[in-house]
Amino acid sequence: QKEVEQNSGPLSVPEGAIASLNCTYSDRGSQSFFWYRQYSGKSPELIMSIYSNGDKEDGRFTAQLNKASQYVSLLIRDSQPSDSATYLCAVKPSGGGNKLTFGTGTQLKVEL
Amino acid sequence: KAGVTQTPRYLIKTRGQQVTLSCSPISGHRSVSWYQQTPGQGLQFLFEYFSETQRNKGNFPGRFSGRQFSNSRSEMNVSTLELGDSALYLCASIAGTSTGELFFGEGSRLTVL
């Protein structure tokens with residue numbers, strides 16, 4: 001079992017729709033969770049972090065965390081073609097340091 | 001504020017050679033992490049340095065090594081290159097000691113022939 005699992009996609013949604021990206025993780029002791037966006041040929045950039053159960057909203061993005069189910073999700077409202085990218089889920093275990101375990105990413109395509 | 005600077009951006013080596021990659025973090029950031037990204041394995045953690053000390057190390061062979069200097073700049077070295085080492089090597093700069101919020105450089109793309 002992979003430590004962080006994501007559906008590789010591609011996930012295709014029409015412009016203006018809600019895109020839902022999902023991630024599960026195996027280390028129950030994980031404390032911090034992140035979503036990174038990576039455009040083709042570019043490096044990943046942090047778009048959301050979440051540390052406690054529930055929802056966290058930032059503009060059109062909402063991260064959801066359920067530690068009991070070991071599940072993290074990212075919702076993108078009013079999807080735009082510029083949102084087309086690979087979205088990487090990352091998990092940081094408890095303890096010090098900044099070692100992250102990344103999923104292999106979900107490719108999102110927002111179609112006109 | 002300048003971002004994370006990685007050099008060189010592209011390089012081609014042959015099997016058996018060694019390579020050194022450099023990373024200058026964001027000014028004021030004292031923690032640097034290195035990741036290897038390949039199409040098959042995704043992003044894999046190599047190591048993390050904080051104040052010149054290696055704090056974490058990933059599951060890579062001893063051919064992969066790194067260090068951090070007093071000005072927070074970091075280098076990683078890969079010796080005896082193998083074809084499978086072809087990858088994008090990403091350096092990340094971190095503001096705090098344990099936030100997990102990484103700011104990546106553009107990466108160094110290594111091709112091993």
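Refer to the structure presented above.
Residues numbered from 1 in each chain as written. Chains lettered and ligands numbered in written order. Predicted model: local features only at pLDDT ≥ 70, side-chain atom pairs only at ≥ 80, totals over all residues. Heavy atoms only, no water.

### A short note on the nonpolar core
A general feature of soluble globular proteins is that nonpolar side chains tend to end up buried together.
All names here are of chain A.
Moving on, step 1. Of all hydrophobic cores here, the largest spans 23 residues; its most connected members are Trp35, Val72, Leu74, Ile76 and Tyr87.
Moving on, step 2. Counting residues per element, the ones that place at least two in this core are β3 (19-25), β4 (32-38), β5 (45-50), β7 (61-66), β8 (71-76), β9 (85-92) and β11 (106-111).
Moving on, step 3. Residues contacting Tyr87, with those up to four places away along its chain left out, are Gln6, Leu21, Trp35, Tyr36, Arg37, Ile47, Leu74, Ile76, Gly105, Thr106 and Leu108. (Core = buried A, V, L, I, M, F, W, Y, C linked by side-chain atoms within 4.5 Å. Buried < 20%, exposed > 50% of the residue type's maximum accessible area, 1.4 Å probe, protein only. Helix = DSSP H or I, 4+ residues; strand = E, 2+ residues; numbered from the N terminus. Contact = heavy atoms within 4.5 Å.)

### So, the side chain of B:Asn77
Moving on, step 1. Looking at where B:Asn77 falls in the secondary structure, it is placed in strand β8 (residues 74-78).
Moving on, step 2. Among the polar contacts listed, one links the side chain of B:Asn77 to the side chain of B:Thr20, at a separation of 3.0 Å. (Polar contact = N/O pair within 3.5 Å; in protein donor to acceptor, adjacent residues only side chain to side chain.)

### Here we look at the sheet that holds strand β3 (residues 19-24) of chain B
Residue and element names in this part refer to chain B.
Moving on, step 1. One open sheet accounts for four strands, arranged β1-β3-β8-β7; its pairing is antiparallel. With partners counted over all chains shown, the strands left at the sheet margins are β1 (5-7) and β7 (64-68), one partner each. In this sheet, neighbouring strand axes are inclined to one another by 15° on average, regardless of whether the strands run parallel or antiparallel. (Pairing = 2+ DSSP bridges. Axes fitted to C-alpha atoms, helices over the stretch in contact; angles between N-to-C directions.)

### Quick word on the interface of chain B and chain A
Moving on, step 1. Opposite the 23 residues of chain B that make contact, chain A presents 19 residues.
Moving on, step 2. When the two sides are added together, the surface that chain B and chain A hide from each other amounts to roughly 1600 Å², 50% of it contributed by carbon and sulfur.
Moving on, step 3. Our count for the contact surface shared by chain B and chain A stands at zero salt bridges.
Moving on, step 4. Summed over the shared surface of chain B and chain A, the result is nine residue pairs in polar contact (both at pLDDT 80 or more).
Moving on, step 5. Listed by contribution, the elements that provide at least two residues to the side of chain B that touches chain A are β4 (31-38), β5 (42-50), β6 (53-57), β9 (87-94) and β10 (102-104) of chain B.
Moving on, step 6. By residue number, the principal contributor to the side of chain B that touches chain A is β4(B), which donates four residues.
Moving on, step 7. For the side of chain B that touches chain A, the per-class residue count stands at seven nonpolar, 11 polar and five charged. (Buried area = accessible area lost by both parts, 1.4 Å probe. Salt bridge = Lys/Arg side-chain N within 4 Å of Asp/Glu carboxyl O. Nonpolar A, V, L, I, M, F, W, Y, C, P; charged D, E, K, R; others polar.)

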